[in-house]
Amino acid sequence: MGEILVLVDHVDGVVRKTTTELLTIARRAGDPVAVFLGSGYDDAARQVLASYGATKVYVADAPELEEFLVAPKAEALAQAATACGAVAVLVTASAEGKEIAARLAVKLGSGVITDATDVAADLTTTQSVFAGGYTVAAQVPSGVAVIAVKPNAATPEPSPSSPAEEKLAVTISDSARRARIVARAPRAATGRPELTEAAIVVSGGRGTGGDFGPVEELADALGGAVGASRAAVDSGWYPHAYQVGQTGKTVSPQLYLAAGISGAIQHRAGMQTSKTIVAVNKDPEAPIFAMADFGVVGDLHTILPQVTAEVRKRKA
Amino acid sequence: MKIVVLVKHVPDATADRTFDPSDNTTDRTGVDGLLSELDEYAVEEALKIVDAGHDSGGVEVIAMTMGPDGASDAVKKALQMGADSGVHVLDDALHGSDALATARVLAAAVGTVGEVDLVLTGMASTDGSMSVVPAMLAEYLDLPHVGFVGELTVSESSVTCRRDGDVASQTVEAALPAIVSVTDQINEPRYPSFKGIMAAKKKPVQTWSLADLGVDAGAVGLDAALSVVREVVKRPERSQGEVVTDEGDGGVRLAEFLAARKFV
Ligand SMILES: Cc1cc2nc3c(=O)[nH]c(=O)nc-3n(C[C@H](O)[C@H](O)[C@H](O)COP(=O)(O)OP(=O)(O)OC[C@H]3O[C@@H](n4cnc5c(N)ncnc54)[C@H](O)[C@@H]3O)c2cc1C
């Protein structure tokens, strides 16, 4: 057993749920050491990391971490890995997380595994590949294993600890200061659960004809997140941040409800591992039905509002 | 301005993709291959820079791939779309290379081309889908990298990118030379025209071996891989559940199913 570095995924200091999943996974394999990069580290953040068993927290705050893209974070993380002699580094498999993992692997001369859906105590990873058609078990046989882990890979389990805190003085090279962030537009808040973390996702496709109202209302009645197919996103009906599939988000909720979505392989790649799949489609031959636990052949414009009303009635 | 576009030849995603049982590598012979659709966006973006024509010195677009024999088809497609020339890094020793070795070899190839201003890539391959090679390339070439770019503006000396991140959209600037990986939101790739298909036949494609690049064959390939696939298991097909036809009560029946599964 050794130290497992966990890169804290946070938005302006607010620790995201994925970090608690990484800490839970890290505890299986060794002692979780959290690395908090950037500003915003406060009592609330400390509390979360302590509740999920971090044995130590490195905090590195340098302006470069927020002024430039990715590269300074990879340098800081490499310095943290060296400082504690980590045997593995876990990051969230987000766009940024994967780029950090990539750079870190080169810096440490380490193997990298991305999109792990599970990590065992011996750091063997599980990945879902070829649009969910295969499951692969992989390992980094020597050196520091760099692993980017998908959201929902583990159920966060609290394990209170009182981590030692250490300020990490990082040096950021000139090379890492070349992709400058000049503006930032945060995504508008929807009040709905985060798509990749939600237990329930209701998605709409081309079949909505552009009206996502019935999809959103059903999502709200069920307390779920809203997703969209690329056809819906490409038509400008819903923002790309909500696209489910190969070039969008991968979701693995308890319930995935696809409305007016045919079920193309690239869409399936993003939702195939959902526990329960439900489909509403007017075409009985739509491929989505072949993977659905329950399906209704018909017009989503009448069926979804009926489901919403019935759900509301049952909840009342 | 000299632009290198990295293109990958991948097994068709709509076919039954599988693994070679002897060594757990991606089966690249049993399934028809094509230019990774996500690389078409990078090729298109390079051609848009050519079309915009604001570099007085002209813009040269080189399509580069690494892979077995058939991989040259990816370069060919890029040439048909409008790239000027191609590079195919071909060497038996490359079989089974991991992302690190791939990035190292591509970095050596970009270095061999020389005086490259911009390297464009797709956001991920459609087979391995790791999205790590461009950032690794940035490390090996010591160049800035902007990934997941949904909008790109190129001047003679810099790039301005809209990066579509998970929690925010960022505007990022970097001086050239730089590496930019683009998403499928950035443009609508053109189809090769008849003229383009004919013209491609005459465009030069160089084939380089590891020796040409000065890369040690022992540093690449399956034996040198720093991550190892232990096991590959085909996921059982999901079985189809009950499908009912709406006769006015489809929504109620769906709600009943949700309630039975305790989602309500
Ligand atoms: C490289 C690449 C990456 C891609 N990445 C993604 C990705 O990340 N995510 C993604 O989703 N796609 C992706 N795609 C696109 C994918 O191939 C499909 O084109 C897309 O998923 C289709 O979206 P859709 O199901 O909404 O539309 P369609 O395939 O057009 O299906 C619409 C469905 O709606 C049904 N319908 C129509 N009207 C109604 C109605 N009134 N009531 C009920 N049903 C109705 C129809 O019967 C049909 O089945 C990608 C493609 C490529 C090449």
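Sequence order as written defines the numbering, with residues in each chain counted from 1. Chain A is the first chain written and ligand 1 is the first ligand written, with later ones labelled in order. Per-residue local features are limited, in this predicted model, to residues with pLDDT of at least 70; the limit for side-chain atom pairs, both in listing and counting, is 80 or more; totals at the level of whole chains, interfaces and linings are taken over all residues. Here the side-chain values reflect all heavy atoms present in the structure, with hydrogen atoms and water set aside.

**Thoughts on helix α4 (residues 71–84) of chain A**
Residue and element names in this part refer to chain A. Each helix corresponds to a stretch of at least 4 residues labelled H or I by DSSP, and each strand to a stretch of at least 2 residues labelled E; elements are numbered beginning at the N terminus. To estimate the expected span of a helix, count its residues, drop one, and scale the result by 1.5 Å. Taking 1.5 Å of rise per residue, 14 residues should cover 20 Å, and α4 covers 20 Å from first to last C-alpha, within 8% of that figure. Counting buried residues in α4 gives 11 out of 14 residues, a clear majority hidden from the surface. When α4 is considered as a whole, its buried residues turn out to be A71, P72, K73, A74, E75, A76, L77, A78, A80, A81 and C84. Two residues form a contact once any of their heavy atoms are found within 4.5 Å. For α4, the elements touching its buried residues are β1 (2–7), β4 (30–37), β5 (56–60), α3 (64–67), β6 (88–92) and α5 (95–108). Relative accessibility decides the category of a residue: with a 1.4 Å probe and only protein chains considered, values under 20% of the type maximum give buried, values over 50% give exposed, and everything between is partly exposed.

**Here we look at the domain arrangement of chain A**
All names here are of chain A. Under the domain assignment used here, chain A contains domain 1 (3–177) and domain 2 (195–315). The source of the domain bounds is an automatic or database domain assignment. Spacing between the C-alpha centres of domain 1 and domain 2 amounts to 31 Å. In this complex, domain 1 contributes 9 residues to the contact, which on the side of domain 2 involves 9 residues. When domain 1 packs against domain 2, the two sides together hide about 710 Å² of surface, and 48% of this comes from carbon and sulfur. In what follows, salt bridge is the name for a side-chain nitrogen of Lys or Arg lying within 4 Å of a carboxyl oxygen of Asp or Glu. Where domain 1 touches domain 2, the interface holds 0 salt bridges. N or O atoms closer than or at 3.5 Å make up a polar contact, with two conditions inside protein: a donor-capable atom paired with an acceptor-capable one, and, for residues adjacent in sequence, both atoms drawn from side chains. The tally of links from domain 1 across to domain 2 stands at 2 residue pairs in polar contact (both at pLDDT 80 or more). Polarity classes work like this: nonpolar for Ala, Val, Leu, Ile, Met, Phe, Trp, Tyr, Cys and Pro, charged for Asp, Glu, Lys and Arg, and polar for all others, with Gly in that last group. Tallied by class, residues from the side of domain 1 that touches domain 2 come to 2 nonpolar, 4 polar and 3 charged. Buried area is a sum: the accessible area each of two parts loses on coming together, probed at 1.4 Å, counted once for each and added.

**What about the site of the ligand?**
Being near a molecule or strand, for a residue, means having at least one of its heavy atoms within 4 Å of it. By nearness alone, 27 residues border the ligand, and R206(A), S229(A), S262(A), Q266(A) and N281(A) come closest of all. The ligand sits at the junction of chains A and B, each of which supplies nearby residues. Measuring from an oxygen atom of the ligand, one finds a backbone N or O atom of Q246(A) at 3.0 Å. Contact distances for the ligand include 2.7 Å between an oxygen atom and a side-chain N or O atom of N281(A). Here the ligand, which alone exposes 980 Å², has 84% of that area covered by the protein. Under a 2 Å grid-point criterion requiring more than half of the atoms, the pocket assigned to the ligand is the second largest pocket. For the shell around the ligand, the secondary structure elements donating two or more residues are α7 (230–234), α8 (265–268) and α9 (300–315) of chain A together with α1 (37–52) of chain B. All accessible-area figures derive from a Shrake-Rupley calculation using a 1.4 Å probe, and residue coverage is judged against the displayed protein chains alone. Using a grid of 1 Å spacing that covers the protein atoms alone, one calls a set of points a cavity when a 1.4 Å probe fits there but cannot get out, and a pocket when the set is open and has protein on both sides within 12 Å along at least five of seven lines; lining residues are those with an atom within 4 Å of a point. Each molecule is assigned to a cavity or pocket provided more than half of its atoms lie within 2 Å of the corresponding grid points.

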